[in-house]
Amino acid sequence: MKTEIVKINRAQFEDFELFSAAERLRVGGLVAFPTETVYGLGGNAFDETAAARIYAAKGRPSDNPLIVHIADTEALTELAAEVPEAAYRLAEAFWPGPLTMILKKSDKVPKATTGGLNTVAIRMPADEIASALIRLSGVYVAAPSANASGRPSTTKAEHVIEDLDGKIDMIIDGGASEIGLESTIVDLTGEVPLILRPGYINAEQLAEVLGEVRFDEAVLKRSASENIVAKAPGMKYRHYAPKAPLYIVEGKSDEVIRYINAEAVKNAAEGRITGILATEETKKNYTGGMVFCVGERANAASIAAGLFDTLRSFDETGVSVIYSESFADNPLGTAIMNRLLKAAGYHIIQLKQDEDI
Ligand code: AMP
Ligand code: MG
């Protein structure tokens, strides 16, 4: 299949530029499009064949449900069997934006879209291109992240081309995703709202609106040996992994740098290149290996925005092992570390109990 690539300038575009993408969605095609979190791979959420094509293109396990993207809060009543008052309060506070809610699904939503579940995940993206595309298509758009299953999510059209070129109808290139991490997922079907996936909207913000909110235990897991099954089916899979093994090194900043530098020297002596995931503040201190700067520690959002792109960058370099600094101590830390720990298969090298970075 030939994948058509359409460039759209987010800052200034007209509806007609999205007409053919919207038409593809309407007739059962697959269109990758930018959102403020990551790029999504969209198909008509009410069309079982389109849903099946999404799973096939990504190589996604069929029990991993898709998030349904909407352009208007009114869609809630059509997609959900019942809409709790909390959902309207969250919508008011955070939509359009990087928050996904899990509700009981209505009969209209096929199980092909929800991975066989009786619940449905719903999000209203803020990105102007995503929003216009959904509105113009006239359908609800089921869209998982537009990456091949298991690889880091896509935050640029180039990443989508790497993973899905030739497998989908169209890719809309709208530039880099602003946030760079997938949406926060909150499950409203139980007694207490549960965060199934941490994201840009954090637990404190949700608690302000909801009163009580808890984390699904699996979200805070720090080791592969903790045998906790995630409530979001997709969160149990190995994910985000670069090709080379990745280790997160934790300890005081200077010790982390010393450790990684020593490993790079050892590896070089054996003819192996070491990849290093560093920050603006620390990158100059690495004396060997191949250093990639993910963002600025002083600006946590820049680290979130750069994470998947940096993880992907290592794959083109031929590094045989990657060491990453840790990012627990910043406002977005829970979400960043959740992704990084998965990418590392929960491999942490703990240098000292006293954590610094
Ligand atoms: P992605 O769109 O690739 O970011 O993946 C969607 C995420 O949402 C996966 O982790 C899914 O398991 C999760 N998800 C989607 N629908 C549901 C649902 N009904 N219940 C729980 N988790 C869900
Ligand atoms: Mg995904």
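Since the model is a prediction, treat every value here as computed from it, not as a measurement.

Q: Would you take a moment to explain the overall build of the protein for this structure?
A: Looking only at helices and strands, the protein features ten helices and 16 strands. If one aligns the C-alpha atoms of the protein with their principal axes, the spans along those axes are about 60 × 45 × 35 Å. Counting only residues that meet the buried cut, the protein has 57% of its 357 residues in that class. Excluding contacts between residues fewer than 6 apart, the proportion of contacts in the protein whose partners are at least 24 apart in sequence is 70%. A total accessible area of about 14700 Å² is found for the protein, and carbon and sulfur atoms account for 50% of it. Across the protein, the mean location of the 37 positive side-chain charges is 5 Å away from that of the 50 negative side-chain charges.

Q: Would you mind going over the pattern of salt bridges with me for this structure?
A: Pairs can form between side chains of opposite charge whenever their charged atoms are close. A full pass over the atoms with the stated rule returns 25 salt bridges. Among the ionic pairs, Arg 24 bridges to Glu 4, the shortest N-O distance being 2.7 Å. Remark: Glu 4 occurs in strand β1 (residues 4-7) and Arg 24 occurs in helix α1 (residues 19-26); sequence separation between them is 20 residues. Where salt bridges share partners, they join Arg 151, Glu 162, Asp 163, Arg 312 and Asp 315 into one cluster.

Q: Just to check I follow, could you spell out the site of ligand 1 for this structure?
A: Taken together, 21 residues sit near ligand 1, with Thr 119, Pro 144, Ser 145, Arg 197 and Gly 234 positioned nearest. Protein chains bury 96% of the 500 Å² of accessible surface belonging to ligand 1 in isolation. Of all the secondary structure elements, the ones that give two or more residues to the shell around ligand 1 are β6 (119-123) and β10 (194-197). With three residues, the single largest contributor to the shell around ligand 1 is β6.

Q: How should the packing of helix α4 (residues 85-94) against helix α7 (residues 203-210) be read in this particular structure?
A: The axes of two packed helices give the description: the angle between them and the distance between them. For the pair α4 and α7, the least separation of the axes is 10 Å and the interaxial angle reads 125 degrees. By the angle between their axes, α4 is oblique relative to α7. Taken as a pair, α4 and α7 cross one another with a handedness that is right-handed. The segment α4 lies against α7, with Ala 86, Arg 89, Leu 90, Ala 93 and Phe 94 engaging Gln 205, Leu 206, Val 209 and Leu 210. Broken down by class, the residue content of the contact of α4 with α7 amounts to seven nonpolar, one polar and one charged.

Q: Would you mind going over the packing of helix α9 (residues 300-313) against helix α10 (residues 333-343) with me for this structure?
A: In contact at an axis separation of 10 Å, α9 and α10 are set at 20 degrees when each is read in the N-to-C sense. Taken together, the axis directions place α9 and α10 in an arrangement best described as roughly parallel. The hand of the α9/α10 crossing is left-handed. Residues Ala 300, Ile 303, Ala 304, Leu 307, Phe 308 and Leu 311 of α9 touch α10, and the partners they reach there are Ile 336, Arg 339, Leu 340 and Ala 343. A class-by-class count of the residues in the contact of α9 with α10 yields nine nonpolar, no polar and one charged.

Q: I would appreciate a short explanation of the packing of aromatic side chains in the present structure.
A: Aromatic rings considered in pairs are described by the distance between their centres and by the relative angle of their planes. For the structure on display, the rule yields five aromatic pairs. With a centroid separation of 6.1 Å and 85 degrees between ring planes, the pair formed by Tyr 259 and Tyr 323 is classed as edge-to-face. A residue pair is termed long-range when its members are at least 10 positions apart, and Tyr 259 in helix α8 (residues 253-269) and Tyr 323 in strand β15 (residues 321-324) qualify at 64 residues. Residue Tyr 323 is classed as buried on the basis of its relative accessible area, which comes to 5%. On the numbers, 4.9 Å between centres and 65 degrees between planes, the contact of Phe 292 with Phe 314 is edge-to-face. Here Phe 292, found in strand β14 (residues 290-293), pairs with Phe 314, found in the loop between α9 and β15; they are 22 residues apart in sequence, far enough to count as distant. Accessibility expressed as a relative area gives 22% for Phe 292, which makes it partly exposed. Judged by its relative accessible area of 2%, Phe 314 falls in the buried class.

What counts and how
Residues numbered from 1 in each chain as written. Chains lettered and ligands numbered in written order. Predicted model: local features only at pLDDT ≥ 70, side-chain atom pairs only at ≥ 80, totals over all residues. Heavy atoms only, no water. Helix = DSSP H or I, 4+ residues; strand = E, 2+ residues; numbered from the N terminus. Buried < 20%, exposed > 50% of the residue type's maximum accessible area, 1.4 Å probe, protein only. Contact = heavy atoms within 4.5 Å. Areas by Shrake-Rupley, 256 points an atom, 1.4 Å probe, with all protein chains shown as cover. Lys, Arg positive; Asp, Glu negative; His and termini not counted. Charge placed at Lys NZ, Arg CZ, Asp CG, Glu CD. Salt bridge = Lys/Arg side-chain N within 4 Å of Asp/Glu carboxyl O. Near = heavy atom within 4 Å. Axes fitted to C-alpha atoms, helices over the stretch in contact; angles between N-to-C directions. Parallel < 35°, antiparallel > 145°, perpendicular 65-115°, else oblique. Left-handed = near helix turned anticlockwise from the far one by under 90°. Nonpolar A, V, L, I, M, F, W, Y, C, P; charged D, E, K, R; others polar. Phe/Tyr/Trp six-rings, centres within 6.5 Å; stacked < 30°, edge-to-face > 60°.

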